[in-house]
Every structure is written in C-alpha cells, then in structure tokens.
Amino acid sequence: MKQRVLIVGASVGGATAAITLQSLGIEAVLLERELVKAKPCGGAIPPAAFREFDLPQHLIDRKVKNCLIVSPSGQETCVPVAGTIPSADDYVAMVRREVFDSYLRERAQERGATLIHGALSNLEINRSGVVATYRDPAGKEHTLAADVVIGADGAYSPTAKFLGLASMPRAVAIQERIALPPEKMARWEDTADLYLGYEVSPDLYSWAFPKRDHIAVGIGAGPGHTQAAKQLLANLKRRLGSDLDGGRLLLREAHALPMHPRKHMAFDRVMLIGDAAGLVVHTSGEGIYWAMKSAEMAAQVLADYLDVPSARYLRIYEKRWWRQYGTMYRFLRWLQWWGYGNERQMEVFTEMCRNQDVQRLTFDSYMHKQMAPAPWLVQMRMTRDILVSQVRNYVARRTPVRELSPA
Ligand SMILES: Cc1cc2nc3c(=O)[nH]c(=O)nc-3n(C[C@H](O)[C@H](O)[C@H](O)COP(=O)(O)OP(=O)(O)OC[C@H]3O[C@@H](n4cnc5c(N)ncnc54)[C@H](O)[C@@H]3O)c2cc1C
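Residues numbered from 1 in each chain as written. Predicted model: local features only at pLDDT ≥ 70, side-chain atom pairs only at ≥ 80, totals over all residues. Heavy atoms only, no water.

Asker: Please clarify how the domain arrangement of the protein chain should be interpreted in this entry.
Answerer: Frequently, the measure chosen for interface size is the accessible area that the parts lose on association. The domain boundaries assigned to the protein chain delineate domain 1 (4–42 + 96–168 + 260–328) and domain 2 (62–94 + 169–258 + 341–407). Inter-centroid distance (C-alpha atoms) of domain 1 to domain 2 is 30 Å. Listed as interface residues are 23 residues of domain 1 and, on the opposing side, 23 residues of domain 2. Interface of domain 1 and domain 2: buried area, both sides summed, is about 2200 Å²; carbon and sulfur atoms make up 61% of it. Applying the counting rule to domain 1 against domain 2 returns two salt bridges. Of the charged contacts in the structure, one is a salt bridge between K369 and E286, with a shortest N-O distance of 2.8 Å. Between the two partners, domain 1 and domain 2, sit seven residue pairs in polar contact (both at pLDDT 80 or more). For the side of domain 1 that touches domain 2, a count of residues per class yields ten nonpolar, eight polar and five charged. (Domains from an automatic or database assignment. Contact = heavy atoms within 4.5 Å. Buried area = accessible area lost by both parts, 1.4 Å probe. Salt bridge = Lys/Arg side-chain N within 4 Å of Asp/Glu carboxyl O. Polar contact = N/O pair within 3.5 Å; in protein donor to acceptor, adjacent residues only side chain to side chain. Nonpolar A, V, L, I, M, F, W, Y, C, P; charged D, E, K, R; others polar.)

Asker: In this structure, what is going on with the pairing of strand β6 (residues 76–80)? I would like to understand it.
Answerer: A regular strand places its side chains on the two faces of the sheet in alternate fashion. With burial as the criterion, only one face of β6 is covered, namely that bearing T77 and V79; the residues E76, C78 and P80 on the opposite face remain uncovered. Pairing geometry for strand β5 (residues 66–70) and β6, over five bridges, is antiparallel. The residue bridging L68 from the neighbouring strand is C78, located in β6. Between β5 and β6, which pair antiparallel and follow one another directly, the connecting turn spans five residues, one of which, G74, has a positive phi of 95°. (Buried < 20%, exposed > 50% of the residue type's maximum accessible area, 1.4 Å probe, protein only. Helix = DSSP H or I, 4+ residues; strand = E, 2+ residues; numbered from the N terminus. Pairing = 2+ DSSP bridges.)

Asker: Can you help me understand the site of the ligand in this one?
Answerer: Around the ligand sit 36 residues in total, of which S11, G13, E32, G42 and D275 are the nearest. One nitrogen or oxygen atom from the side chain of K39 is found 3.0 Å from an oxygen atom belonging to the ligand. Measuring from a nitrogen atom of the ligand, one finds a backbone N or O atom of G42 at 2.8 Å. Taken by itself the ligand offers 1000 Å² of open surface, and the protein chains cover 95% of this. Sorting the residues of the shell around the ligand by element identifies α1 (12–23), β2 (27–32), β9 (119–126), β15 (201–210), β17 (248–258) and α7 (288–305) as the ones contributing at least two each. (Near = heavy atom within 4 Å. Areas by Shrake-Rupley, 256 points an atom, 1.4 Å probe, with all protein chains shown as cover.)

Below you can see the structure in the form of structure tokens.
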C-alpha cells in the first residue's frame, strides 16, 4: 500500500510540506481547521522565498525598497533595502496571507495532495502508524490513518500537545488592518516602518507594513507583556498620528509567536515544522520563510526514511537544520538582545542602521539568507562605529517621545 503522510495545518509550512512530499511521490493529506480566515501576520517575506520556491510575483502587494526605523526618542533612520551586491531582487515583499496561503494550498492540491477541512482532536501514535481523530465543521468526528504525521499547526501546536511536549515561551503580536485614502497610502508607496520603544514594544518592535490598499499596523511583545498589548498598539497608532487620518478599520487580529526553538523537532513517526517547532527568528519575528524551509527539509528527510520513521532517522532533519541555520539563528537572537534590550540600545540600534556596513550585512542575511563573514577591515570599522555610538548614547541620554509629549 502507498505510504501516506498526514500534515496537520495547511498554512505556509503545511502546504509547502505537502507540495514537497507530492513531488517526491508520497501521498500527503492536509488537515486544516480554518479555511476562511487568514493567519494573523504582517506578511513581510524575503525575495529568497520567491526564488527558492518558484513563487509568482503576482502574490506580492508591494515591494518595499526603504525601511524607516524610528527610535524611542523619535530619531529616524531611513534604510534603503540593498545587499552587498545591488540587484533587482533587493526588496521586501508584502503579501496578504489570505492570498499567499490560498495559492500554496491550491498548488499542493494541484500536485495531488488531499485537503480536509477539520480540526485535529486526538492523535495516537503506535508501532504500526498514526491514527488521527478530527472534527469536521459540522462537529462530526472522523478518523484517519497515516504512516507519519507532520505537525505544521502553529505556535499552539496540538500535535506537540498530543506528544506530551511542554508549550513553548510565546510572544504576542496584534495587528490592525486599516484602509487608507490613496493620498495617505502614498506615504507608504515603497516604504515600511519599524518603531522601537517601551511604549510600543518593550522587547521586540512594532510596524506599519503597506499592502495593496491598506496598511497593517501591529506590535510584538514578549512573554509577560500580553496584558499590555492593546495599549501598546494604541500607543503606536498615536505615534503614527495624522498618517492614519481618514482610515477605516478592516480587521483586528492577534496571535502568538514562539520565542524559542524546540529541543527536538522529530520523534517516532512525528515531525514538527515552522512555528510548531519554534522556528521564528527573534529580531524580525520572521517565520514564513522558515516555516517553508523547515517544511521542505523535513519532507526531504522523511522521503528517505519513510520505511523506518523512527526518531533516530527523522532527527537527521534537525541535525541538518541546525548545521545550516544555527549560526544565523544565534546571531539574530544576539541581535535582538543587543538591539532591543533597553531603550538606549534601541537608540544605538537605530543609529547603527545608518552604517552602510551594518545595512548590507542585515539585508544580505534577511533578503538572501546569506551570512558570509565580513572582511576584517569592515568588521573593525563596524566595531569602532558601534562602540562610539554606545558611548555617545550612554553619556547623553535621548528623551523618549512619551516624556516629551505625554498622552
Ligand atoms: C501578528 C503577526 C505578525 C507576523 N508577521 C510576520 C511577518 O511579517 N513575516 C514573517 O515572516 N512572519 C511573520 N509572523 C510569523 C508568521 O506568521 C509565522 O511564523 C508563520 O505563519 C508560521 O507558519 P506555520 O505554517 O508554521 O504556522 P501557522 O501559519 O501558524 O499555521 C498553522 C496552521 O495550523 C492550523 N491548525 C492549528 N490547530 C489545528 C488543528 N487542531 N487542526 C487542524 N489545523 C490546525 C491553523 O489553523 C493554521 O492554519 C507574524 C506572526 C504574527 C502573529
């Protein structure tokens, strides 16, 4: 009998796993509980995703070519989106998840994957296979047998829960999508904004990301700040001020973001990918590309070991993952700690974004997922500039915007 893989969650990670498995000749069944509402998300995606997954450009609402970074004191740095070697591929893609995810699901179905509308309600894993129970939208229970299950079911991963794994530390992110008159949208023609400061995000960042006909404004806040999230978003909107005049609220949405990768991402007959495995990078809260890459890598390893799907073999996936991306993850985690650690560091971070060496390194790693070590002369130049900026900001404190103009 042909082997079958059940994928729980048909968002970016799940759909990519199904596409990869089907193209390797393995039957993939996608189980998704929500086929109407989009996953809450800023929808910023690096061009590498479009190249590597052969995605059509029509999925892109806007190509962001400039990034405006605003520090807690209102210090502004406008960074052109450009890597070390300038190319037409220098942009950040802005997508709407409802469009992007639907496309990937359709591609998975075109490749032969089955898509079931239902919510996983139980999972049994035994020596001979996996038996999943799910509830369809009418509330009726069904069972489904498979050889292996891939948990692509996000930050709250029910698959991980059924395995008995502890839940991961999570950040919260909330966002409003606001339709703006064309003259207001012009301000964000090809620019995205990042705002830093305790009043808008104590330990991550807040954003204004342009879509085709609306702006998505949102905040991320680490564990312990969930209660403050609504107030942080209100503060962000106050900071955006008249830029949002005439705006009409389309949608308010919120979801969790995992803050740490899981210790293990593969078990007997089970693999976890994307948010379910905790694969979000900290500085940018970026998870779409990583969900797709982990899906692809997990599916490729699974194809080689589907006859013997024990933890021992399936963990080749996690070994490969950390070999390939471990340095980048560690660097970006350090960058979050260094750049968003406190408001003075946020000032230093904003200032350092003016440094061309820092800009190139940042965008090479974001856009093209390349992290080549900089030449030693460049490293020395950056170190000197960072030290000067650190000292300057620690000797003379900049006044946060909220202290200049209290609410
Ligand atoms: C507000 C916000 C803004 C963000 N902005 C960005 C950004 O700009 N760029 C970026 O790269 N990343 C961003 N992220 C992170 C990004 O959204 C995630 O990292 C990415 O969606 C992870 O993909 P995934 O496929 O692993 O999981 P998800 O996209 O979370 O998908 C999980 C799927 O599993 C389904 N599911 C869950 N439980 C069940 C069940 N019991 N049965 C069946 N199906 C189930 C869900 O319905 C969902 O479709 C943001 C996140 C948030 C919350």
